[in-house]
Amino acid sequence: MDREELGAWLRLTLTAGVGNTAARRLLARFGLPQSIFVQPEAVLAQVSTPAQARALVQVPEGLAGLVETTWTWLQHDATADGVARAVITLGDPRYPQSLLDTEDPPLLLYMMGAARWLAHNPFPATASLAMVGSRNPTAQGAENARQFARALRDAGFVIVSGLALGIDAAAHEGALEASGQTEAPSTPPTIAVVGTGLDRVYPRRNLDLARRIAAQGLLVSEYPLGTPPLAPNFPKRNRIISGLSQGTLVVEAALASGSLITARTAVEQGREVFAIPGSIHSPQSRGCHALIRQGAKLVESAQDVLEELRLPPTAAPRGAPDNAPPGESGLANLPEGPLLTALGFDPMGIDALVARTGMDAATLQVELLTLELDGRVARLAGGLFQRLERT
């Protein structure tokens, strides 16, 4: 794409009142964007509203600056760090067919990632799975996300998520860990679809993760460079997460979670929806339980996903035997956090808590007693403890 063509595509996306649907109608009638902008207003009005036709003959404010910024961004030398950049359009042969087949494919996809993916087809025809969930997961939920992502990546899936805190980040991490076991993977280990311009990282706490994804996988956005983290953009980008994937796995989600938006768009796109059940005492599990009641497939292991999508089984990842429930290995590597976070909502013994928190048993007993007296933890039979929901 040369600078003139880039400018025409950016002008189309910036034109006020012209959304994806109207833009696709114009492209179908006139061809490339350059051909749209040489048409008189009266001709444009034949395939758009009068207001849209008036806007199309005006140069949007800020267009020149955006073209300069984007063109400069694209000139990045990938030989320096192995990270390439690209902007692909609806007509580009690299545009993902799975997304093109959805109801509302973006006009442009901004991409940044390992040069070996962007050099040819960044979205090969392969198995991919969206993994989404709570931004404030339980310790077990975060570990489940890592374990499932690692196992499914080992099975050949590309893990797609949204770079958010919590389950999204854990899914990306699990996929990257699995990719380290293969010297020359044939597909990106993970794709992060973000709700900002690719020159920004949100949330900032995931900056290091975003850099590692760019070095090994792909970062994708439909938003122009410089776009800040605006609230309406995140639900909208969810259709891309599900659209790039054969199915969507919801790991943990409250009833009001944005993850349920992704699940809904997956259904609308004719994709499979999976959900991991959790404790009946955990608010973060209620969204998953609602999805299961509505017909989502209940999954207890990565093998359940493989069987539903009719992919061959794979060997279990290192440290996670086939017959072990997800999340029961690697507990000592859980993210640091308060005792309540490590406890979760299911009954748990002292030994498991010692492994999760790294605290010695004596200190842990004192902390648990304090929480019990405060009414935030219940003591059950056999030395088990359970977090109370009111906390």
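Just above sits the structure.
Residues numbered from 1 in each chain as written. Predicted model: local features only at pLDDT ≥ 70, side-chain atom pairs only at ≥ 80, totals over all residues. Heavy atoms only, no water.

With that out of the way, let us pick up the sheet that holds strand E1 (residues 83-89). Read across the open sheet, the nine strands follow the order E1-E2-E6-E5-E4-E3-E7-E8-E9; overall the sheet is mixed. Every other strand in the sheet has two partners, leaving E1 and strand E9 (297-298) as the edge strands with one partner each. Sheet analysis places strand E2 (residues 108-114) next to strand E6 (residues 218-221), joined by four bridges and oriented antiparallel. Looking at the pairing, Met111 lines up with Val220 of E6. (Pairing = 2+ DSSP bridges. Helix = DSSP H or I, 4+ residues; strand = E, 2+ residues; numbered from the N terminus.)

Contact pair helix H1 (residues 3-14) / helix H6 (residues 63-74): the axes reach a minimum separation of 10 Å and the direction vectors enclose 130°. Classified by the interaxial angle, the pair formed by H1 and H6 is oblique. H1 and H6 meet at a crossing whose hand is right-handed. Every residue of H6 that contacts H1 at Arg3, Leu6, Gly7, Leu10, Arg11 and Leu14 is listed here: Leu63, Leu66, Val67, Glu68, Thr70, Trp71 and Leu74. (Axes fitted to C-alpha atoms, helices over the stretch in contact; angles between N-to-C directions. Parallel < 35°, antiparallel > 145°, perpendicular 65-115°, else oblique. Left-handed = near helix turned anticlockwise from the far one by under 90°. Contact = heavy atoms within 4.5 Å.)

The next thing to look at is the pattern of salt bridges. Under the defined criterion, the tally for this structure stands at eleven salt bridges. The salt bridge involving Glu173 is made with Arg212; its shortest N-O contact spans 2.7 Å. Of this pair, Glu173 sits in helix H11 (residues 167-179) while Arg212 sits in helix H12 (residues 207-216), placing them 39 residues apart in sequence. The partly exposed category is assigned to Arg212, whose relative accessible area is 28%. (Salt bridge = Lys/Arg side-chain N within 4 Å of Asp/Glu carboxyl O. Buried < 20%, exposed > 50% of the residue type's maximum accessible area, 1.4 Å probe, protein only.)

The next point concerns unusual backbone geometry. With an omega of -5°, the peptide bond running from Tyr202 to Pro203 counts as cis. Here Pro203 is to be found in the loop between strand E5 (190-193) and H12. Despite not being glycine, Leu163 has its phi angle at roughly 65°, a positive value. Residue placement: Leu163 occurs in the loop between strand E4 (158-161) and H11.

On their own, these measurements won't tell you what the molecule is for.
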